[in-house]
Amino acid sequence: MEYTTVNLPALALRGLTVFPHMNLTFDVERPSSIAALERAMGGDQDIFLVTQREISVELPGEDDLYQIGTISHVRQILRLSPGSARVMVEGRKRARLRRLWQTTPYLQAHVEEVAEKPASESFRRSARTEALLRQAWSLFSEYAQMSGSIPEEVVTAVLDNREAGYLADFIAQNIPLRHTDKQEILEELDPFVRLRKLNGLLARECSILGFEHEMEGKIRDQLVRTQREQILKTQIRVLQNELGEDGDEDDAEEYCRRILELKLEEEAEQHLLKEVGKLSRQPYGSAEASVIRNYLDVCLEIPWNTTTRERVSVDAARKVLEREHFGLEKVKERILETIAVRQMNPKGKGQILCLVGPPGVGKTSIAISVAKALNRKLARLSLGGVRDEADIRGHRRTYIGSMPGRVIDAITRGGSMNPLLLLDEIDKLGNDYRGDPASALLEVLDSEQNHAFRDHYLEIPVDLSQVMFITTANTTDTIPRPLLDRMEVIRLSSYTDEEKVEIARRHLLPKQMAEHGLKKSTLRVGDDVFRAIIRDYTRESGVRLLERRIAALCRKTDMKLLSGETKRVQVMVEELPEFLDCQPYPPALHTEREEVGVVNGLAWTETGGEILEVEVVVCEGSGKLELTGNLGDVMKESAQAALSCIRSRAEVLGVEADFYKTKDIHVHFPEGAVPKDGPSAGIAVTTAMLSALTERKIREGLAMTGEVTLRGRVLPIGGLKEKTMAALRCGIATVLIPKDNLRDLEEIDQTVRSALQFVPVETIDQVFAAALVPLPEALREEAPVPAFPAIGREKKEAALRQ
């Protein structure tokens, strides 16, 4: 069959579809569409109506239009305004878009008429066709009944029609379907398939209407219940007014009185009075009234204009700190300086202090002592694991169960506007999709901004400028840089063994004896016992584990006293296994005699210092360097640098020139389960390698620490205080340290300085001279090694002054 191709003006429809033999009225506003209508009216009034694929396209092209549309006849045009018109069209025939050859000033297209597929007379009268028609009538009747918006004449017209194709077009034109669904019906040329597709769409629409009616019923029932409750509550309120029980109004008056008595700033006062006004207008028992009442209660619980009288006295603070803390001299001095500034300028802006140190060294207890010394209320905020920004700034009142943030809550608990807020574990703040609490703390800990801190819940400014903030952390590595910049960092190092002995005797033992009901005369513990406990039963920077060990002594004493074995317990060193079970920490592995290839290094750990033994073995081989002992990348690179340093000076050091080709060197650090890293074992590894290569022994009673370079220079290291304590604990007499670390000797405990002999070194040659046993006379002339005198106890002070 040949179809006729015609050239017609085209009009792109947005969200509309016109079916053959159907009338449709719609408004036109696009200039190109109005121009197309005018072109059609100038001819035979025929126009090609085709639907756009995307409604949002303003100037459609051929690709933006569907292929199947309708050739329609323009019946009437009504001008609504200069830029819009209302048009009524009658669909005539389906047509296919062959080419859109013009887009301006209007669309002009070549279209080809298409006809429906004919059906035989027997198929039209078949039972299958009758079932399809009946299904369509039934579904449309159900849809019309559920919708309630289908005119009666439309329903009658549907029930009177038996043409499958016309029936599908008529129903699709008169019900609100998506334009994509209508386009699918328009493009189907087989009338019976078209009606089957329409039946599927009708079934879906009936199901959707069923759900809509179900939801409307539930909403209607809820509204009826709410209105009934509202009426009953209003009746109750009227009865209460008649009986003189006007609770809400009394509450509003009470709130107003309390707000005015606080004499707040104008902004805060007006905001709270506005909330009271809202409360008075709420119906009795409404949910909103409960929210407003809770908000006002929270705001009025804040200690506005209430401060404690601060006792700013350096002498008083010094007494409190000395009484409750032993050691930590630099820390206490820095805190006293802050108090001195406060004493000289009471109105000055407060500093935010950050106490950084390992666990158990007394960071939190120092903050508590400062609060006592200044006569300030103390409020503690544990920030460990906090991940939600709302924990700091509070939740907005739009959320159910909202509350103010931890800062406002701490001030409320403190009972004054000038408390000491202890922000504990600030380095353990987290962040996730709920926000970054560290960023929320930027305003809190900024003395330039916190005079008008706004909590999300309160929505009124709160002055935090009088609050003294002290934060604690174990490390500054995880604290964001902007937050760290707002705080003054005070570092607390680990306690020395002698400091721990004094703390145990002065504080821990009396405290535990009181908690265990012991009198002073019933338990005696000497300093030698404390030293043994610290050395053999604890491995920590602070004193928490030490306190638990002392508590174990007290428990054992209670048992002995209650059993009647004795009336007084004197703990001896040899009896410690009986009181504290077996020794959990054996002495550190280290060499105590002259050996070849074994050097005592010194290491820093979070729990203090340790002896780190270095073992080197040289075997015949192909020049491989084996490194074992669970080493990190930095330590491995340090061993490589040590080997290269020896290779570059092999002739001077008396080592075979080709040893790196004929010898395998194995460097091992015992206790392989413990991870090790850092460059400070450089000179120890270099010395052990040279000792193994030359078979020269290492002096006994000697340990060393320092980083080595390829040119043999010895660079400074950190943690000297802890390392020297470990050396003294293990019976070391001489310690080799980098010369640049001489300034750090001032921070070392006096007991350690007097007991050890320090040898400052600048080059690896000086290390060899001090550590290796001298060569025989014949070999010494061949391989001279420059010597460097050790600094003994009598010359130490002079070296420090230099």
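Because the structure is predicted, anything quoted here is derived from the model rather than measured.

Draft legend 1. Representation of the sheet that holds strand S9 (residues 420–424). Reading across from one edge, S8-S9-S12-S7-S13 is the order of the 5 strands in this open sheet, with parallel pairing throughout. Each edge of the sheet is formed by a strand with only one pairing partner; in this case those strands are strand S8 (378–382) and strand S13 (488–491). Each strand of the sheet is rotated relative to its neighbour by a mean of 20°, with strand direction disregarded. Pairing geometry for strand S7 (residues 353–356) and strand S12 (residues 468–473), over 4 bridges, is parallel. Each bridged residue has a counterpart across the sheet, and for valine 356 the counterpart in S12 is alanine 473. On top of the sheet, helix H15 (residues 406–414) reaches S8 and S9; it is set at about 150° to S8, its chief contact.

Draft legend 2. Region of the structure containing the layout of surface pockets. The computed volume of the largest pocket comes to approximately 1100 Å³. For the lining of the largest pocket, the secondary structure elements donating two or more residues are helix H12 (329–344), strand S17 (598–605) and helix H26 (720–729). In terms of residue class, the lining of the largest pocket is made up of 12 nonpolar, 13 polar and 12 charged.

Draft legend 3. How the structure looks around the pairing of strand S1 (residues 5–13). Inspection of the sheet shows S1 paired to strand S6 (residues 107–113) by 6 bridges, in the antiparallel sense. Directly across from asparagine 7, in S6, lies its bridge partner histidine 110. Taken together, the 4 bridges between S1 and strand S3 (residues 46–51) define a ladder with parallel strand orientation. If you follow leucine 11 over to S3, its bridge partner there is leucine 49.

Draft legend 4. Fine view of the pattern of salt bridges. The final tally for this structure, using the stated rule, is 43 salt bridges. Between aspartate 527 and arginine 505 there is a salt bridge, and its shortest N-O distance comes to 3.0 Å. Of the two residues, aspartate 527 is situated in helix H19 (residues 527–536) and arginine 505 in helix H18 (residues 497–515); the sequence distance between them amounts to 22 residues. Given the relative accessible area of 28%, aspartate 527 is considered partly exposed. Look at arginine 505 and you get partly exposed, because its relative accessible area is 35%. One network of salt bridges, with partners in common, ties together Arg94, Glu116, Asp169 and Arg194.

Draft legend 5. Highlighting the packing of helix H3 (residues 127–147) against helix H5 (residues 164–174). Interaxial distance between H3 and H5 falls to 11 Å at its minimum, and their mutual angle equals 20°. Classified by the interaxial angle, the pair formed by H3 and H5 is roughly parallel. Crossing of H3 over H5 shows left-handed handedness. Where H3 approaches H5, its residues Leu133, Ala136, Trp137 and Phe140 are matched on the opposing element by Ala164, Leu167 and Ile171. Residue composition of the contact of H3 with H5, grouped by class: 7 nonpolar, no polar and no charged.

Draft legend 6. Geometry of the packing of aromatic side chains. One pass over the structure, following the stated rule, counts 3 aromatic pairs. Directly above the aromatic system of tyrosine 295 lies the positively charged group of arginine 397, at a separation of 3.9 Å from the ring centroid. Across the ring face of tyrosine 660, the terminal group of arginine 647 is positioned such that the distance to the ring centre comes to 3.7 Å.

Draft legend 7. Structural detail: helix H1 (residues 31–41). Here H1 has its buried residues at Ser32, Ser33, Ile34, Ala35, Ala36, Leu37 and Ala40. Tucked into the core, H1 has its buried residues touching S1, strand S2 (23–28), S3, strand S4 (68–81) and strand S5 (84–102).

Draft legend 8. Geometry of the environment of threonine 557. Assignment of secondary structure puts threonine 557 in helix H20 (residues 544–563). For threonine 557, a relative accessible area of 0% corresponds to the buried category. For the pair threonine 557 and methionine 417, spaced 140 residues apart in sequence, the C-alpha separation works out to 47 Å. Dropping the residues within four chain positions of it, threonine 557 is found in contact with Leu518, Thr522, Leu523, Val569 and Phe579.

Draft legend 9. Broad picture of the nonpolar core. By size, the foremost hydrophobic cluster in this structure holds 52 residues, and its most contacted members are Leu421, Ile426, Leu441, Val444, Leu445, Leu458 and Met487. Of all the elements, helix H10 (residues 287–301) adds the most residues to this core, at 7 residues. Membership of the second largest hydrophobic core comes to 51 residues, among which are Ala371, Tyr495, Leu523 and Leu553.

Draft legend 10. Local environment of the confidence of the model for the protein chain. Here the protein chain shows a mean pLDDT of 83. Residues at 70 or above account for 91%. Segment residues 778–802: pLDDT under 50, and 37 contacts once partners within four positions in sequence are set aside and those in other chains are kept.

Thresholds applied
- Residues numbered from 1 in each chain as written.
- Predicted model: local features only at pLDDT ≥ 70, side-chain atom pairs only at ≥ 80, totals over all residues.
- Heavy atoms only, no water.
- Pairing = 2+ DSSP bridges.
- Helix = DSSP H or I, 4+ residues; strand = E, 2+ residues; numbered from the N terminus.
- Axes fitted to C-alpha atoms, helices over the stretch in contact; angles between N-to-C directions.
- Contact = heavy atoms within 4.5 Å.
- 1 Å grid on protein atoms, 1.4 Å probe; cavity = no way out; pocket = protein on both sides within 12 Å on 5 of 7 lines; lining within 4 Å.
- Points joined across faces, edges and corners; volume = space filled by probe spheres on them.
- Nonpolar A, V, L, I, M, F, W, Y, C, P; charged D, E, K, R; others polar.
- Salt bridge = Lys/Arg side-chain N within 4 Å of Asp/Glu carboxyl O.
- Buried < 20%, exposed > 50% of the residue type's maximum accessible area, 1.4 Å probe, protein only.
- Parallel < 35°, antiparallel > 145°, perpendicular 65-115°, else oblique.
- Left-handed = near helix turned anticlockwise from the far one by under 90°.
- Phe/Tyr/Trp six-rings, centres within 6.5 Å; stacked < 30°, edge-to-face > 60°.
- Lys NZ or Arg CZ within 6 Å of the ring centre and 35° of its normal.
- Core = buried A, V, L, I, M, F, W, Y, C linked by side-chain atoms within 4.5 Å.
- pLDDT = per-residue confidence, 0-100.

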